[in-house]
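# Structure at a glance
Each chain, letter by letter, is given below.
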Amino acid sequence: MSNQPQPDRILIFDTTLRDGEQSPGATLNVDEKLTIARQLARLGVDIIEAGFPFASPGDFEAVNKIAAQVGTEDGPTICGLARATKGDIETAGRAIAPAAKGRIHTFIATSDIHMQYKLRKTREEVLAITAEMVAYAKTFTDDIEFSPEDAGRSDPEFMYRVLETAIAAGATTINIPDTVGYLTPSEFGGLIRGIREHVPNVDQAIISVHGHNDLGLAVANFLEAVKNGARQLECTINGIGERAGNAALEELVMAMHVRRSFYNPFLGRPAESEAPLTNINTTEIYPTSRLVSNLTGMFVQPNKAIVGANAFAHESGIHQDGVLKNKLTYEIMDAESIGLNKNQIVLGKHSGRNAFRTRLKELGHELSDQELNRAFLRFKDLADKKKVVTDWDIVALVNDETQQAPEHFHIELVQVSCGNHACPTATVTLRTPEGQELTDAATGTGPVDAVYRAVNRVVNIPNELIEFSVQSVTAGIDAIGEVTIRIRHEERVFSGHSANTDIVVASTQAYLNALNRLYTSIQDGKTIHPQKDEMATAATARI
Ligand SMILES: [Zn+2]
C-alpha cells in the first residue's frame, strides 16, 4: 500500500447538501441542490458531500446529477454517503460514477453503546465488516473515506484497530466524527493526536474531522484538531445541520485566514507565510451564505460570526470614528474579503442588455437567451422602482427566474386591500395552459393569508403550509423581499421561492411555484422529490 500523499493545505469537505439538508425544515429539491453545488464549486471547496444516495430516489438523482454537472476535471470531488452495507455502497458507487473525481464515504458505529444496541454486532464482527466493505467500495473508486460513527464515545484502543483495518483495506481518508457534539477542544485534539500515535498505518490516509455544535464548540474543536494533525474539515455553510448544526465553513475558513500564522500547521512553511491555508475563494463566502439561506429557508441570525447582518456593522460612534480613520482600528478583517462590499451600484435604468449579461457572467450566472430576456425585463422594471440596483438584487432576480417551477398555473392578477380598519381581502386571477382564466376572492387574517385562501379556492389541491419566510435582499425601504415557502401534500414537501419589491406579489408567486411543483408531481403520478420521511426509514445511522 503506497502512502497517501498529505495535502499542502487544509481540505474543505462541504456537507451542506448531506448533513446540512438533514436540518429540520431544510429539505431541498434536486434543482436547488444543483444550484448550491455549483456555488460550492465557485467557492472552491475541495469535496462536496452531495447526499446519501441509498436514502431515497431523490437523493440518488441529486448526487448523480451533481456528479455529472459539477464534478468536472477541475471541479471538486463529489462524494456520496453509504452505510457499511453492499446495497448502500453499490448505490453510492453508481450515483458518483459520472464525476471526474468521485468518493464513497462509508461508516459504521464503533462505540459500545451503538454496537450493542443499534448494530447488535460484536467488536470482531465490526472489524470484519469494515475490512470487507472498504474493499468492496474500492471496486467503485480509489477515493474511499471511512468514518467510525460515534468516535468520541468509542473505546480508543478498539477504534485504533478499526481505523488500521480500514486503511489496510484501502481507505484514503479516515474521518473522526463527534456525532453527538460532546467533546471539548482539548479532548478532540487529544483524540486526533492519539490516532496519529497509535494507528500504525495512519500515514497512508488523510485525517478528517466531523462534529456537531451542541455545545457551540464545533469550530473550536476543529481548529484544535488541525493543530494535532487533521487535514480535512467537514463543515456546512452557515453551520446548518442536525440539531445545533455542524461546524460553520465560513468561521473555520476565516479563522484560518485571519489567524493564518497562528493556525499554520505545515512544517517548513514560514509562520508568517501569506499562502492561504485553504483553497477557498473567501469572496464567495457571503454569496454562498445568502444562497443557502434562501433555498433552505434557514435564516442567519444577525449576530452570527462572519455572515450575520451585523458582523461588519460598526454602530457605536467611537468605532465609526476609528474605522473611518483606519479600518484596522476595530476591524480584524475586511468586509470585502468575504464578498460583502462588492454590492456597489453596478447597473442603472439606462444599462443595456450586454452590460447586464456581462455582469451576470461575472457573478457566475450563465443564462439561456430566454432566461436572460425575462431577467432583463425584470431588471428594467426594478431599475424604475428602485434607485440603486445592487449585485444582490440582480442575483435575487436571476435566482427567481432560474428557480421557477414548471408552470401550470400562471398569475394574471393579484390584488389585495388591507389596513387597520379593513378586513384583508384578496382577488386572484390564474391562467391555465389552455388559456382559461380563473378568478376568486377570499378574506384572511392578513394580506398573504387572504391571497393564499383565494389561490386555494382556484387551485383546489389540499396542502398544508409548513413554512413561510421573508427576507430582504438589501437594506432600505425599497428593498427586494425574498419569500421562501414549503407546503406538504400527503407526506411530500414542495418548496417555492420568489423575489419582488412587493412582498405580497413575491408571496403569491412563491406559493404558486410550490403548487405548480405539487401539481406536476400529481400529473406525473409519481414522487418527483421524495423527502425526508423516506430517508429516516432508510437510514437510522447518522454521523
Ligand atoms: Zn453529522
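Anything mentioned here points back to the structure above.
Along the chain, the regular secondary structure elements total 18 helices and 14 strands. Per-residue burial over the chain gives 57% buried out of 543 residues. Taking all contacts inside the chain whose residues are at least 6 apart in sequence as the whole, residues at least 24 apart take part in 67%. Summed over its atoms, the accessible surface of the chain is roughly 22,700 Å², and 50% of this surface lies on carbon and sulfur atoms.

Tallying each qualifying case throughout the model produces 25 salt bridges. The salt bridge involving Arg-94 is made with Glu-90; its shortest N-O contact spans 2.9 Å. Here Arg-94 pairs with Glu-90, and both are found in helix H3 (residues 86-96), just four residues apart, close to one helical turn. Among the residues examined, Glu-90 registers a relative accessible area of 28% and is labelled partly exposed. Here Arg-457 and Asp-440 are joined by a salt bridge, their closest N and O atoms 3.1 Å apart. Separated by 17 residues along the polypeptide, Arg-457 in helix H16 (residues 447-459) and Asp-440 in strand S11 (residues 437-443) bring together distant segments of the chain. For Asp-440, a relative accessible area of 23% translates into the label partly exposed. Here the salt bridges do not stand alone but share partners, grouping Arg-18, Asp-19 and Glu-49 into one network.

Counting buried residues in strand S7 (residues 206-211) gives six out of six residues, a clear majority hidden from the surface. Burial of the side chains of S7 extends over both faces: Ile-206, Ser-208 and His-210 are buried on one face and Ile-207, Val-209 and Gly-211 on the other. Sheet topology note: the strand S6 (residues 173-178)/S7 ladder contains six bridges and is parallel. Note on S7: the bridge partner recorded for Thr-173 is Ile-206. Assessed by its sense of winding, the connection that carries the chain from S6 through helix H7 (residues 185-198) to S7 is right-handed. Where S7 meets strand S8 (residues 232-235), two bridges bridge the pair, whose relative direction is parallel. Note on S8: the bridge partner recorded for Ser-208 is Gln-232. Crossover S7 to S8 through helix H8 (residues 218-227) is right-handed.

You can see Cys-79 is positioned in strand S3 (residues 77-83). What Cys-79 contacts, discounting residues up to four positions off in sequence, is Phe-13, Ile-47, Ile-48, Glu-49, Ala-50, Gly-51, Ile-96, Arg-103 and His-105.

Cut-offs used in this document
Residues numbered from 1 in each chain as written. Predicted model: local features only at pLDDT ≥ 70, side-chain atom pairs only at ≥ 80, totals over all residues. Heavy atoms only, no water. Helix = DSSP H or I, 4+ residues; strand = E, 2+ residues; numbered from the N terminus. Buried < 20%, exposed > 50% of the residue type's maximum accessible area, 1.4 Å probe, protein only. Contact = heavy atoms within 4.5 Å. Areas by Shrake-Rupley, 256 points an atom, 1.4 Å probe, with all protein chains shown as cover. Salt bridge = Lys/Arg side-chain N within 4 Å of Asp/Glu carboxyl O. Pairing = 2+ DSSP bridges. Right-handed = clockwise from strand over helix to strand, strands pointing away.

Shape is all these values report; function is a separate question.
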